[in-house]
Amino acid sequence: MTSRRIGLVCPYSLAVPGGVQNHVLGLAGHLTARGHHVEVFAPGSVEPARLAAFGLRGDQLTDAGRTVGIPYNGSVAPVNFGPLSLLRVHRWLRRGRFDLVHVHEPLTPSVAGWALVAARVPVVATFHTATPRSRTMGVAGALLRRTVDRIDAGIAVSATARQVVVQHLGRDARILPNGFRRADFGPRPAARRPGGPRIAFLGRLDEPRKGLEVLLGALPRLRTAHPGLEVVVAGQGHRPLPAWVQAPGRIDDPARAELLGSVDLFVAPHVARESFGIVLVEAMASGAAVVASDLPPFVDLLSGPERLGYQFAAGDADALAEAVLLALDEDRSELVRRARHATRRYDWTRVGAEVEAVYQDVLTGPRSPGPWTGIDPATVAEARWRLRLAARRGVGAPQAAALRLAARALLDQAAGAVDAEQPDRTPAADAADASAGDGRGSAPTPGRGRRAVRGHRSRRVSTAAGRTR
Ligand SMILES: Nc1nc2c(ncn2[C@@H]2O[C@H](COP(=O)(O)OP(=O)(O)O[C@H]3O[C@H](CO)[C@@H](O)[C@H](O)[C@@H]3O)[C@@H](O)[C@H]2O)c(=O)[nH]1
(Lines give C-alpha, C1' and ligand atoms only; values in the text may rest on other atoms or scores of the structure.)
Protein backbone atom coordinates (compact mmCIF):
# COMPACT_ATOMS: atom_id res chain seq x y z
CA MET A 1 0.00 0.00 0.00
CA THR A 2 1.40 3.41 -0.92
CA SER A 3 2.08 5.90 1.82
CA ARG A 4 -1.12 7.38 3.26
CA ARG A 5 -2.17 9.86 5.90
CA ILE A 6 -3.87 7.83 8.62
CA GLY A 7 -5.58 9.13 11.73
CA LEU A 8 -6.06 6.70 14.63
CA VAL A 9 -8.55 7.51 17.39
CA CYS A 10 -8.44 5.86 20.80
CA PRO A 11 -11.19 6.62 23.33
CA TYR A 12 -9.29 5.63 26.46
CA SER A 13 -6.59 7.59 28.20
CA LEU A 14 -3.12 6.70 26.98
CA ALA A 15 -1.80 7.62 30.42
CA VAL A 16 -2.89 4.22 31.77
CA PRO A 17 -2.02 0.79 30.37
CA GLY A 18 -4.80 -1.08 28.64
CA GLY A 19 -5.49 -3.41 25.77
CA VAL A 20 -7.08 -0.88 23.44
CA GLN A 21 -4.45 1.78 24.17
CA ASN A 22 -1.60 -0.68 23.54
CA HIS A 23 -3.25 -1.87 20.36
CA VAL A 24 -3.59 1.67 19.00
CA LEU A 25 -0.02 2.64 19.91
CA GLY A 26 1.36 -0.62 18.53
CA LEU A 27 -0.55 -0.21 15.27
CA ALA A 28 0.55 3.42 14.99
CA GLY A 29 4.18 2.38 15.45
CA HIS A 30 3.86 -0.37 12.88
CA LEU A 31 2.20 1.86 10.28
CA THR A 32 4.80 4.58 10.87
CA ALA A 33 7.58 2.07 10.28
CA ARG A 34 5.81 1.10 7.05
CA GLY A 35 6.16 4.70 5.83
CA HIS A 36 2.67 6.05 6.46
CA HIS A 37 2.00 9.43 8.03
CA VAL A 38 0.24 8.44 11.24
CA GLU A 39 -1.34 10.58 13.96
CA VAL A 40 -3.12 9.44 17.10
CA PHE A 41 -5.93 11.33 18.81
CA ALA A 42 -6.65 10.21 22.38
CA PRO A 43 -6.95 11.56 25.88
CA GLY A 44 -3.87 11.45 28.05
CA SER A 45 -0.18 11.58 27.30
CA VAL A 46 2.58 8.99 27.06
CA GLU A 47 6.10 9.41 28.45
CA PRO A 48 8.62 10.04 25.65
CA ALA A 49 10.59 6.85 26.40
CA ARG A 50 7.47 4.68 26.17
CA LEU A 51 6.40 6.46 23.01
CA ALA A 52 9.81 5.88 21.47
CA ALA A 53 9.56 2.19 22.39
CA PHE A 54 6.46 2.07 20.19
CA GLY A 55 8.42 3.78 17.40
CA LEU A 56 6.46 7.03 17.75
CA ARG A 57 7.32 10.71 18.18
CA GLY A 58 5.53 13.17 20.45
CA ASP A 59 4.20 15.21 17.53
CA GLN A 60 2.20 12.20 16.34
CA LEU A 61 -0.02 12.35 19.43
CA THR A 62 -2.77 14.86 20.10
CA ASP A 63 -4.10 14.91 23.63
CA ALA A 64 -7.90 15.01 23.58
CA GLY A 65 -8.06 16.52 27.06
CA ARG A 66 -9.17 15.51 30.53
CA THR A 67 -11.14 12.31 31.08
CA VAL A 68 -13.95 11.21 33.36
CA GLY A 69 -14.60 7.62 34.45
CA ILE A 70 -17.57 6.03 32.72
CA PRO A 71 -18.85 2.55 33.66
CA TYR A 72 -18.36 0.56 30.48
CA ASN A 73 -17.86 -3.12 29.68
CA GLY A 74 -17.37 -4.08 33.33
CA SER A 75 -14.68 -1.45 33.76
CA VAL A 76 -14.48 2.25 34.50
CA ALA A 77 -13.33 3.65 31.19
CA PRO A 78 -11.29 6.89 31.30
CA VAL A 79 -12.92 8.80 28.42
CA ASN A 80 -13.92 12.34 27.45
CA PHE A 81 -16.85 13.27 25.25
CA GLY A 82 -18.22 16.70 25.99
CA PRO A 83 -18.97 19.16 23.18
CA LEU A 84 -15.43 20.53 23.56
CA SER A 85 -14.11 17.10 22.61
CA LEU A 86 -16.20 17.21 19.48
CA LEU A 87 -14.62 20.52 18.52
CA ARG A 88 -11.15 19.15 19.22
CA VAL A 89 -11.86 16.15 17.02
CA HIS A 90 -13.00 18.46 14.22
CA ARG A 91 -9.86 20.50 14.50
CA TRP A 92 -7.60 17.44 14.57
CA LEU A 93 -9.35 15.98 11.53
CA ARG A 94 -9.13 19.23 9.59
CA ARG A 95 -5.46 19.72 10.33
CA GLY A 96 -4.55 16.08 9.72
CA ARG A 97 -5.98 15.98 6.16
CA PHE A 98 -6.19 12.22 6.53
CA ASP A 99 -6.88 9.79 3.73
CA LEU A 100 -8.50 7.48 6.23
CA VAL A 101 -9.52 7.52 9.89
CA HIS A 102 -9.38 4.37 12.00
CA VAL A 103 -11.59 4.64 15.08
CA HIS A 104 -11.31 2.21 17.98
CA GLU A 105 -14.34 1.39 20.12
CA PRO A 106 -16.62 3.70 18.10
CA LEU A 107 -19.61 3.02 20.37
CA THR A 108 -18.08 4.44 23.49
CA PRO A 109 -19.38 7.87 24.45
CA SER A 110 -15.99 9.38 23.73
CA VAL A 111 -13.80 11.05 21.16
CA ALA A 112 -14.08 7.81 19.20
CA GLY A 113 -17.81 8.34 18.77
CA TRP A 114 -17.20 11.97 17.91
CA ALA A 115 -14.61 11.06 15.28
CA LEU A 116 -17.19 8.85 13.66
CA VAL A 117 -19.65 11.73 13.63
CA ALA A 118 -17.13 14.23 12.30
CA ALA A 119 -15.00 12.32 9.82
CA ARG A 120 -15.50 13.16 6.15
CA VAL A 121 -13.07 10.58 4.85
CA PRO A 122 -13.31 6.78 4.79
CA VAL A 123 -13.63 5.29 8.26
CA VAL A 124 -12.45 1.93 9.55
CA ALA A 125 -13.70 0.96 13.02
CA THR A 126 -12.32 -1.69 15.36
CA PHE A 127 -14.59 -3.15 18.04
CA HIS A 128 -12.84 -4.39 21.18
CA THR A 129 -15.89 -4.89 23.37
CA ALA A 130 -17.27 -8.15 24.66
CA THR A 131 -20.22 -7.00 26.69
CA PRO A 132 -23.54 -8.67 25.96
CA ARG A 133 -25.59 -5.82 27.55
CA SER A 134 -24.52 -2.37 28.63
CA ARG A 135 -26.48 0.73 29.63
CA THR A 136 -23.73 3.02 28.43
CA MET A 137 -23.48 1.19 25.17
CA GLY A 138 -27.26 1.36 24.90
CA VAL A 139 -27.13 5.15 25.26
CA ALA A 140 -24.27 5.46 22.81
CA GLY A 141 -25.87 2.98 20.44
CA ALA A 142 -29.13 4.94 20.42
CA LEU A 143 -27.31 8.19 19.76
CA LEU A 144 -24.98 6.82 17.19
CA ARG A 145 -27.10 4.31 15.35
CA ARG A 146 -27.27 6.43 12.21
CA THR A 147 -23.68 7.46 12.59
CA VAL A 148 -22.61 3.85 12.50
CA ASP A 149 -23.59 3.89 8.85
CA ARG A 150 -20.51 5.99 8.28
CA ILE A 151 -18.22 3.05 8.99
CA ASP A 152 -16.77 1.75 5.74
CA ALA A 153 -15.19 -1.35 7.24
CA GLY A 154 -15.66 -2.92 10.64
CA ILE A 155 -13.06 -5.03 12.41
CA ALA A 156 -13.73 -7.11 15.53
CA VAL A 157 -10.79 -8.43 17.54
CA SER A 158 -12.42 -11.82 18.10
CA ALA A 159 -15.53 -13.84 17.40
CA THR A 160 -16.82 -12.63 20.78
CA ALA A 161 -16.34 -8.98 19.81
CA ARG A 162 -17.93 -9.63 16.44
CA GLN A 163 -21.00 -11.01 18.17
CA VAL A 164 -21.42 -7.68 19.97
CA VAL A 165 -21.33 -5.84 16.64
CA VAL A 166 -24.00 -8.15 15.29
CA GLN A 167 -26.19 -7.89 18.39
CA HIS A 168 -25.92 -4.16 19.10
CA LEU A 169 -25.69 -2.81 15.58
CA GLY A 170 -27.10 -5.42 13.26
CA ARG A 171 -23.87 -5.13 11.26
CA ASP A 172 -20.98 -7.43 10.63
CA ALA A 173 -17.24 -7.05 11.04
CA ARG A 174 -14.26 -9.05 9.94
CA ILE A 175 -12.22 -10.65 12.68
CA LEU A 176 -8.63 -9.44 13.01
CA PRO A 177 -6.91 -10.10 16.33
CA ASN A 178 -5.03 -7.76 18.63
CA GLY A 179 -1.43 -7.25 17.60
CA PHE A 180 1.74 -7.07 19.68
CA ARG A 181 5.46 -6.78 19.10
CA ARG A 182 6.63 -10.30 19.72
CA ALA A 183 10.29 -9.35 19.86
CA ASP A 184 9.58 -7.46 23.10
CA PHE A 185 8.78 -10.71 24.90
CA GLY A 186 10.79 -13.85 25.58
CA PRO A 187 12.07 -16.10 28.37
CA ARG A 188 14.14 -14.22 30.99
CA PRO A 189 15.65 -17.01 33.12
CA ALA A 190 18.15 -14.57 34.66
CA ALA A 191 15.26 -12.71 36.33
CA ARG A 192 14.33 -15.81 38.36
CA ARG A 193 15.29 -16.47 41.91
CA PRO A 194 16.01 -20.09 42.82
CA GLY A 195 13.19 -21.59 44.85
CA GLY A 196 9.66 -22.87 44.41
CA PRO A 197 7.47 -22.42 41.37
CA ARG A 198 6.62 -18.86 40.35
CA ILE A 199 3.24 -17.76 39.05
CA ALA A 200 1.91 -14.34 38.01
CA PHE A 201 -1.27 -12.37 37.48
CA LEU A 202 -1.29 -9.10 35.49
CA GLY A 203 -4.28 -6.80 35.18
CA ARG A 204 -6.37 -4.20 36.99
CA LEU A 205 -6.53 -5.53 40.55
CA ASP A 206 -9.81 -3.93 41.53
CA GLU A 207 -11.79 -4.78 38.42
CA PRO A 208 -14.00 -7.79 39.24
CA ARG A 209 -14.02 -9.05 35.65
CA LYS A 210 -10.26 -9.65 35.83
CA GLY A 211 -11.02 -12.38 38.40
CA LEU A 212 -8.22 -11.78 40.91
CA GLU A 213 -10.63 -12.97 43.65
CA VAL A 214 -10.74 -16.40 42.03
CA LEU A 215 -6.96 -16.69 42.09
CA LEU A 216 -6.85 -15.51 45.71
CA GLY A 217 -9.46 -18.14 46.59
CA ALA A 218 -7.17 -20.85 45.20
CA LEU A 219 -3.98 -19.71 46.96
CA PRO A 220 -4.38 -21.61 50.28
CA ARG A 221 -4.64 -24.92 48.41
CA LEU A 222 -1.76 -24.07 46.08
CA ARG A 223 0.48 -23.07 48.96
CA THR A 224 -0.27 -26.24 50.88
CA ALA A 225 0.82 -28.28 47.85
CA HIS A 226 3.81 -26.02 47.10
CA PRO A 227 5.01 -24.25 50.27
CA GLY A 228 7.74 -22.46 48.31
CA LEU A 229 5.24 -21.03 45.82
CA GLU A 230 6.01 -17.47 44.69
CA VAL A 231 3.01 -15.45 43.55
CA VAL A 232 3.32 -12.07 41.82
CA VAL A 233 0.16 -9.97 41.43
CA ALA A 234 1.00 -7.02 39.16
CA GLY A 235 -1.21 -4.26 37.85
CA GLN A 236 -2.80 -1.01 38.85
CA GLY A 237 -5.56 -0.65 41.41
CA HIS A 238 -5.93 -1.44 45.06
CA ARG A 239 -6.84 -4.71 46.68
CA PRO A 240 -5.59 -6.08 50.01
CA LEU A 241 -3.40 -9.12 49.37
CA PRO A 242 -1.82 -11.77 51.61
CA ALA A 243 1.48 -10.47 52.98
CA TRP A 244 3.52 -13.18 51.27
CA VAL A 245 2.20 -12.27 47.79
CA GLN A 246 4.50 -9.96 45.81
CA ALA A 247 2.55 -6.91 44.67
CA PRO A 248 4.68 -4.53 42.58
CA GLY A 249 1.62 -2.52 41.50
CA ARG A 250 1.58 -1.03 38.02
CA ILE A 251 4.85 -1.88 36.31
CA ASP A 252 6.47 -0.39 33.22
CA ASP A 253 6.68 -2.34 29.99
CA PRO A 254 10.27 -3.61 30.41
CA ALA A 255 9.37 -4.84 33.92
CA ARG A 256 6.31 -6.53 32.45
CA ALA A 257 8.47 -8.40 29.92
CA GLU A 258 10.83 -9.40 32.72
CA LEU A 259 7.99 -10.63 34.93
CA LEU A 260 6.26 -12.65 32.21
CA GLY A 261 9.59 -14.09 31.07
CA SER A 262 10.52 -15.25 34.56
CA VAL A 263 7.43 -17.17 35.70
CA ASP A 264 6.50 -20.82 35.29
CA LEU A 265 2.81 -20.08 34.91
CA PHE A 266 0.73 -17.07 33.97
CA VAL A 267 -2.73 -17.28 35.52
CA ALA A 268 -5.64 -15.56 33.77
CA PRO A 269 -8.63 -15.96 36.12
CA HIS A 270 -10.84 -13.49 34.21
CA VAL A 271 -14.55 -14.02 34.76
CA ALA A 272 -16.26 -12.00 32.02
CA ARG A 273 -16.17 -9.52 29.17
CA GLU A 274 -12.75 -10.22 27.73
CA SER A 275 -12.81 -9.53 24.03
CA PHE A 276 -9.48 -11.12 23.12
CA GLY A 277 -6.88 -11.63 25.86
CA ILE A 278 -3.69 -10.00 24.56
CA VAL A 279 -2.12 -10.54 27.96
CA LEU A 280 -2.30 -14.31 27.39
CA VAL A 281 -0.46 -13.89 24.11
CA GLU A 282 2.23 -11.80 25.80
CA ALA A 283 2.69 -14.50 28.46
CA MET A 284 2.85 -17.26 25.84
CA ALA A 285 5.46 -15.34 23.86
CA SER A 286 7.44 -14.92 27.07
CA GLY A 287 7.70 -18.67 27.61
CA ALA A 288 5.21 -18.91 30.49
CA ALA A 289 2.63 -21.68 30.46
CA VAL A 290 -0.82 -20.10 30.51
CA VAL A 291 -3.53 -21.30 32.90
CA ALA A 292 -6.69 -19.44 31.90
CA SER A 293 -10.40 -19.47 32.54
CA ASP A 294 -12.64 -20.86 29.83
CA LEU A 295 -14.04 -17.57 28.52
CA PRO A 296 -14.73 -18.02 24.80
CA PRO A 297 -11.92 -15.77 23.49
CA PHE A 298 -9.44 -17.55 25.76
CA VAL A 299 -10.66 -20.93 24.51
CA ASP A 300 -10.14 -19.67 20.96
CA LEU A 301 -6.61 -18.51 21.80
CA LEU A 302 -5.52 -21.67 23.55
CA SER A 303 -7.03 -24.33 21.34
CA GLY A 304 -5.81 -25.55 18.00
CA PRO A 305 -4.65 -28.85 16.63
CA GLU A 306 -2.85 -29.22 19.96
CA ARG A 307 -3.65 -27.32 23.14
CA LEU A 308 -1.60 -24.24 23.96
CA GLY A 309 -2.48 -23.83 27.64
CA TYR A 310 -4.46 -25.10 30.60
CA GLN A 311 -8.05 -24.07 31.18
CA PHE A 312 -10.59 -24.19 34.01
CA ALA A 313 -14.20 -23.17 34.57
CA ALA A 314 -14.38 -19.38 34.93
CA GLY A 315 -15.10 -18.24 38.49
CA ASP A 316 -14.25 -21.61 40.09
CA ALA A 317 -11.31 -21.28 42.51
CA ASP A 318 -11.06 -25.06 43.05
CA ALA A 319 -10.93 -25.69 39.32
CA LEU A 320 -8.24 -23.02 39.02
CA ALA A 321 -6.21 -24.70 41.79
CA GLU A 322 -6.50 -28.08 40.06
CA ALA A 323 -5.41 -26.66 36.71
CA VAL A 324 -2.41 -24.94 38.30
CA LEU A 325 -1.40 -28.08 40.21
CA LEU A 326 -1.69 -30.17 37.06
CA ALA A 327 0.40 -27.68 35.10
CA LEU A 328 3.07 -27.59 37.80
CA ASP A 329 3.23 -31.40 37.88
CA GLU A 330 3.58 -31.87 34.14
CA ASP A 331 6.54 -31.48 31.83
CA ARG A 332 5.34 -28.31 30.10
CA SER A 333 8.29 -27.74 27.78
CA GLU A 334 6.56 -28.94 24.60
CA LEU A 335 3.35 -26.99 25.33
CA VAL A 336 5.36 -23.85 26.08
CA ARG A 337 7.33 -24.23 22.84
CA ARG A 338 4.12 -24.69 20.81
CA ALA A 339 2.41 -21.76 22.50
CA ARG A 340 5.38 -19.46 21.96
CA HIS A 341 5.52 -20.45 18.31
CA ALA A 342 1.77 -19.83 17.88
CA THR A 343 2.14 -16.20 18.98
CA ARG A 344 3.88 -15.34 15.70
CA ARG A 345 0.37 -15.00 14.29
CA TYR A 346 -0.22 -11.92 16.49
CA ASP A 347 2.96 -10.06 15.67
CA TRP A 348 2.33 -6.66 14.09
CA THR A 349 4.07 -7.83 10.92
CA ARG A 350 1.09 -10.18 10.40
CA VAL A 351 -1.79 -8.28 11.98
CA GLY A 352 -0.60 -4.92 10.64
CA ALA A 353 -0.48 -6.25 7.09
CA GLU A 354 -4.08 -7.44 7.48
CA VAL A 355 -5.17 -4.05 8.77
CA GLU A 356 -3.43 -2.38 5.83
CA ALA A 357 -5.30 -4.71 3.47
CA VAL A 358 -8.58 -3.45 4.99
CA TYR A 359 -7.41 0.15 4.45
CA GLN A 360 -6.53 -0.66 0.87
CA ASP A 361 -9.99 -2.15 0.24
CA VAL A 362 -11.69 0.88 1.72
CA LEU A 363 -9.52 3.38 -0.14
CA THR A 364 -9.82 1.75 -3.50
CA GLY A 365 -13.35 0.34 -3.31
CA PRO A 366 -16.41 1.98 -4.88
CA ARG A 367 -17.88 4.93 -3.00
CA SER A 368 -21.24 6.61 -3.29
CA PRO A 369 -21.19 10.14 -1.89
CA GLY A 370 -24.36 11.49 -0.36
CA PRO A 371 -25.54 13.65 2.50
CA TRP A 372 -25.52 12.30 6.02
CA THR A 373 -28.90 13.11 7.40
CA GLY A 374 -28.08 13.24 11.09
CA ILE A 375 -30.27 11.77 13.80
CA ASP A 376 -33.92 10.97 13.38
CA PRO A 377 -36.53 11.96 16.02
CA ALA A 378 -37.14 8.36 17.09
CA THR A 379 -33.47 7.97 17.90
CA VAL A 380 -33.48 11.22 19.83
CA ALA A 381 -36.49 10.08 21.85
CA GLU A 382 -34.86 6.75 22.58
CA ALA A 383 -31.61 8.43 23.59
CA ARG A 384 -33.49 10.71 26.02
CA TRP A 385 -35.31 7.77 27.50
CA ARG A 386 -32.06 5.85 27.93
CA LEU A 387 -30.38 8.83 29.54
CA ARG A 388 -33.20 9.05 32.12
CA LEU A 389 -32.93 5.32 32.71
CA ALA A 390 -29.15 5.51 33.07
CA ALA A 391 -29.47 8.32 35.62
CA ARG A 392 -32.04 6.32 37.64
CA ARG A 393 -30.20 3.03 37.51
CA GLY A 394 -26.85 4.13 38.74
CA VAL A 395 -24.75 5.79 36.07
CA GLY A 396 -23.47 8.56 38.37
CA ALA A 397 -24.80 12.09 38.13
CA PRO A 398 -21.64 13.55 36.50
CA GLN A 399 -21.67 10.86 33.85
CA ALA A 400 -25.37 11.32 33.18
CA ALA A 401 -24.83 15.07 32.92
CA ALA A 402 -21.96 14.53 30.52
CA LEU A 403 -24.05 12.15 28.45
CA ARG A 404 -26.77 14.78 28.34
CA LEU A 405 -24.27 17.32 27.10
CA ALA A 406 -23.03 14.90 24.50
CA ALA A 407 -26.58 14.23 23.37
CA ARG A 408 -27.26 17.95 23.15
CA ALA A 409 -24.15 18.49 21.06
CA LEU A 410 -25.18 15.73 18.71
CA LEU A 411 -28.64 17.17 18.39
CA ASP A 412 -27.19 20.61 17.75
CA GLN A 413 -24.99 19.19 15.11
CA ALA A 414 -27.88 17.40 13.47
CA ALA A 415 -29.68 20.73 13.36
CA GLY A 416 -26.73 22.33 11.68
CA ALA A 417 -25.73 24.52 14.64
CA VAL A 418 -22.20 23.19 14.54
CA ASP A 419 -20.88 23.26 11.05
CA ALA A 420 -18.46 20.41 10.85
CA GLU A 421 -16.37 21.79 8.06
CA GLN A 422 -16.53 25.42 9.09
CA PRO A 423 -16.89 26.73 5.51
CA ASP A 424 -17.11 30.32 6.61
CA ARG A 425 -13.78 30.31 8.42
CA THR A 426 -11.47 33.17 7.64
CA PRO A 427 -7.72 32.89 7.05
CA ALA A 428 -7.30 34.77 10.35
CA ALA A 429 -9.28 32.11 12.20
CA ASP A 430 -7.18 29.37 10.59
CA ALA A 431 -4.01 31.18 11.61
CA ALA A 432 -5.30 31.47 15.18
CA ASP A 433 -5.99 27.74 15.18
CA ALA A 434 -2.54 26.97 13.87
CA SER A 435 -0.93 29.02 16.59
CA ALA A 436 -2.90 27.07 19.21
CA GLY A 437 -0.40 24.25 18.60
CA ASP A 438 -1.15 20.56 18.66
CA GLY A 439 -4.70 20.58 19.82
CA ARG A 440 -3.95 21.14 23.48
CA GLY A 441 -4.86 24.83 23.34
CA SER A 442 -8.35 26.15 23.80
CA ALA A 443 -10.95 25.09 21.28
CA PRO A 444 -11.79 27.50 18.50
CA THR A 445 -15.23 29.01 18.18
CA PRO A 446 -17.00 26.81 15.70
CA GLY A 447 -18.09 28.25 12.41
CA ARG A 448 -21.83 28.63 12.20
CA GLY A 449 -24.33 28.21 9.44
CA ARG A 450 -27.00 25.78 8.38
CA ARG A 451 -25.81 23.45 5.77
CA ALA A 452 -26.17 19.78 5.12
CA VAL A 453 -23.23 17.90 6.56
CA ARG A 454 -21.76 16.24 3.53
CA GLY A 455 -20.36 12.80 3.89
CA HIS A 456 -20.28 9.53 2.12
CA ARG A 457 -22.71 6.74 2.60
CA SER A 458 -21.27 3.65 4.09
CA ARG A 459 -20.22 0.67 2.13
CA ARG A 460 -20.79 -2.02 4.71
CA VAL A 461 -18.28 -4.83 4.87
CA SER A 462 -21.09 -7.30 4.58
CA THR A 463 -24.59 -7.77 5.90
CA ALA A 464 -24.84 -9.52 9.21
CA ALA A 465 -26.06 -13.03 8.61
CA GLY A 466 -27.13 -13.37 12.23
CA ARG A 467 -28.91 -10.03 12.61
CA THR A 468 -30.77 -10.09 15.89
CA ARG A 469 -32.78 -6.91 15.85
N1 LIG B 1 3.22 -2.27 31.56
C2 LIG B 1 2.03 -2.68 32.02
N3 LIG B 1 1.14 -3.16 31.19
C4 LIG B 1 -0.05 -3.56 31.70
C5 LIG B 1 -0.36 -3.48 33.06
N6 LIG B 1 -1.61 -3.96 33.23
C7 LIG B 1 -2.05 -4.33 32.02
N8 LIG B 1 -1.11 -4.09 31.09
C9 LIG B 1 -1.15 -4.34 29.65
O10 LIG B 1 -2.37 -3.86 29.13
C11 LIG B 1 -2.82 -4.72 28.08
C12 LIG B 1 -4.20 -5.28 28.31
O13 LIG B 1 -4.50 -5.28 29.59
P14 LIG B 1 -5.74 -6.09 30.17
O15 LIG B 1 -6.02 -5.46 31.49
O16 LIG B 1 -5.46 -7.54 30.13
O17 LIG B 1 -6.93 -5.86 29.15
P18 LIG B 1 -7.94 -4.64 28.90
O19 LIG B 1 -7.28 -3.34 29.08
O20 LIG B 1 -9.21 -4.90 29.65
O21 LIG B 1 -8.17 -4.89 27.33
C22 LIG B 1 -9.37 -5.30 26.68
O23 LIG B 1 -9.16 -5.06 25.30
C24 LIG B 1 -8.07 -5.79 24.78
C25 LIG B 1 -7.84 -5.30 23.35
O26 LIG B 1 -8.88 -5.65 22.48
C27 LIG B 1 -8.35 -7.30 24.89
O28 LIG B 1 -7.23 -8.03 24.43
C29 LIG B 1 -8.60 -7.67 26.33
O30 LIG B 1 -9.03 -9.03 26.40
C31 LIG B 1 -9.65 -6.77 26.95
O32 LIG B 1 -10.92 -7.09 26.41
C33 LIG B 1 -1.80 -5.82 27.97
O34 LIG B 1 -0.89 -5.45 26.95
C35 LIG B 1 -1.14 -5.82 29.32
O36 LIG B 1 0.19 -6.31 29.28
C37 LIG B 1 0.61 -2.94 33.94
O38 LIG B 1 0.46 -2.83 35.15
N39 LIG B 1 1.79 -2.55 33.36
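Residues numbered from 1 in each chain as written. Predicted model: local features only at pLDDT ≥ 70, side-chain atom pairs only at ≥ 80, totals over all residues. Heavy atoms only, no water.

> In this structure, what is going on with the overall build of the protein? I would like to understand it.
Helices and strands together make up the secondary structure of the protein, namely 16 helices and 17 strands. Burial statistics for the protein: of 469 residues in total, 57% are counted as buried. When contacts within the protein are restricted to residue pairs at least 6 apart in sequence, long-range pairs at least 24 apart make up 74% of them. Taken as a whole, the protein presents about 19,000 Å² of accessible surface, with 54% of it coming from carbon and sulfur. (Helix = DSSP H or I, 4+ residues; strand = E, 2+ residues; numbered from the N terminus. Buried < 20%, exposed > 50% of the residue type's maximum accessible area, 1.4 Å probe, protein only. Contact = heavy atoms within 4.5 Å. Areas by Shrake-Rupley, 256 points an atom, 1.4 Å probe, with all protein chains shown as cover.)

> How do you make sense of the site of the ligand when you look at a structure like this?
In the vicinity of the ligand, 25 residues are found, and the nearest of them are His128, Asn178, Asp253, Glu274 and Glu282. For the ligand, an oxygen atom lies 2.7 Å from a polar atom in the side chain of His128. Here an oxygen atom of the ligand sits 3.0 Å away from a polar atom, N or O, in the side chain of Ser275. Relative to its unbound accessible surface of 750 Å², the ligand loses 97% to contact with the protein. Of the residues belonging to the shell around the ligand, the class tally is eight nonpolar, eight polar and nine charged. When residues of the shell around the ligand are sorted by domain, at least three fall in each of domain 1 (5–179 + 350–456) and domain 2 (183–345). (Near = heavy atom within 4 Å. Polar contact = N/O pair within 3.5 Å; in protein donor to acceptor, adjacent residues only side chain to side chain. Nonpolar A, V, L, I, M, F, W, Y, C, P; charged D, E, K, R; others polar. Domains from an automatic or database assignment.)

> Please explain the sheet that holds strand 6 (residues 100–104) as it appears in this structure.
Adjacent strands of a sheet form backbone hydrogen bonds with each other and so pair up, either parallel or antiparallel. One open sheet accounts for seven strands, arranged 3-2-1-6-7-8-9; its pairing is parallel. Single-partner strands in this sheet number two, and they are strand 3 (61–63) and strand 9 (174–175). Bridge count between strand 2 (residues 37–42) and strand 3: three bridges; the pairing is parallel. Bridge pairing in strand 3 places Phe41 opposite Thr62. Contacting strand 1 (5–9), strand 2, strand 6 and strand 7 (123–127), helix 4 (residues 111–118) crosses the sheet at an angle of about 150° to strand 6. (Pairing = 2+ DSSP bridges. Axes fitted to C-alpha atoms, helices over the stretch in contact; angles between N-to-C directions.)

> Would you mind going over the packing of helix 3 (residues 83–96) against helix 4 with me for this structure?
Between two packed helices, both the angle of their axes relative to each other and the distance between the axes serve to describe the pair. As a packed pair, helix 3 and helix 4 sit with axes 9 Å apart at the nearest point and diverge in direction by 55°. In this view, helix 3 runs oblique relative to helix 4, as classed from their interaxial angle. The two elements helix 3 and helix 4 meet at a crossing, and its hand is right-handed. Taking contact as the criterion, the partners of Ser85, Leu86, Val89, His90 and Leu93 in helix 3 are, on helix 4, Val111, Trp114, Ala115 and Ala118. Partitioning the contact of helix 3 with helix 4 into residue classes produces seven nonpolar, two polar and no charged. (Parallel < 35°, antiparallel > 145°, perpendicular 65-115°, else oblique. Left-handed = near helix turned anticlockwise from the far one by under 90°.)

> Which parts of the structure should I look at to understand the nonpolar core?
The nonpolar side chains of a soluble globular protein tend to be buried with one another. Core analysis: the biggest nonpolar cluster contains 60 residues, and Val9, Val89, Leu93, Phe266, Leu280, Val290 and Leu302 have the highest contact counts within it. Residue assignment places this core across two domains, with domain 1 (5–179 + 350–456) and domain 2 (183–345) each supplying three or more. Apart from the residues lying within four places of it in its own chain, the contact partners of Phe266 are Ala200, Phe201, Leu202, Leu260, Val279, Ala283, Ala288, Ala289, Val290 and Val291. Membership of the second largest hydrophobic core comes to 31 residues, among which are Leu31, Leu100, Val351 and Val362. (Core = buried A, V, L, I, M, F, W, Y, C linked by side-chain atoms within 4.5 Å.)

> I would appreciate a short explanation of the packing of aromatic side chains in the present structure.
Ring pairs (aromatic) are described by centroid distance and by the angle formed between their planes. Under the defined criterion, the tally for this structure stands at four aromatic pairs. Members of the aromatic cluster, connected to one another through ring pairs, are Phe41, Trp92 and Phe98. Positioned over the ring face of Trp244 is Arg223, at 4.0 Å from the centre of the ring. The ring of Tyr310 has Arg307 lying over it, and the distance from NZ or CZ to the ring centre is 4.7 Å. (Phe/Tyr/Trp six-rings, centres within 6.5 Å; stacked < 30°, edge-to-face > 60°. Lys NZ or Arg CZ within 6 Å of the ring centre and 35° of its normal.)

> What exactly am I supposed to notice about the packing of helix 7 (residues 212–225) against helix 11 (residues 317–329) here?
Running from amino to carboxyl end, helix 7 crosses helix 11 at an angle of 45°, the nearest separation of the two axes being 8 Å. When the axis of helix 7 is compared with that of helix 11, the two are oblique. Two packed elements cross with a definite hand, and for helix 7 against helix 11 that hand is right-handed. Contact with helix 7, carried on its side by Val214, Leu215, Gly217, Ala218, Arg221, Leu222 and Ala225, involves Ala317, Asp318, Leu320, Ala321, Glu322, Val324 and Leu325 of helix 11 and no other residues of that element.

> Is there a simple way to think about unusual backbone geometry in this case?
Most peptide bonds adopt trans geometry, and most residues besides glycine take a negative phi value. One non-glycine residue, Glu105, lies in the positive phi region at around 50°. Along the polypeptide, Glu105 turns up in the loop between strand 6 and helix 4. Residue class for Glu105 comes out buried when judged on its relative accessible area of 3%. Although it is not a glycine, Arg273 adopts a positive phi angle of roughly 60°. In this structure, Arg273 sits in the loop between strand 13 (265–268) and helix 9 (278–285).

> Please explain the side chain of Thr126 as it appears in this structure.
Within the fold, Thr126 resides in strand 7. Within the structure, the side chain of Thr126 is placed 2.7 Å from the side chain of His102, a separation counted as a polar contact. Setting aside chain neighbours within four positions, we find Thr126 in contact with His102, Val103, His104, Glu105, Pro106, Ile155 and Val157.

> Would you take a moment to explain helix 8 (residues 253–260) for this structure?
For an α-helix, 3.6 residues make a turn, and residues three or four places apart therefore share a direction. What helix 8 keeps buried is the set Arg256, Ala257, Leu259 and Leu260. Buried positions in helix 8, seen along its axis, are confined to an arc of 160° and lie on one side of it. For helix 8, the secondary structure elements touched by its buried residues are helix 1 (19–33), strand 10 (198–202), strand 11 (230–234), strand 13 and helix 9. (Arc of directions from axis to C-beta.)

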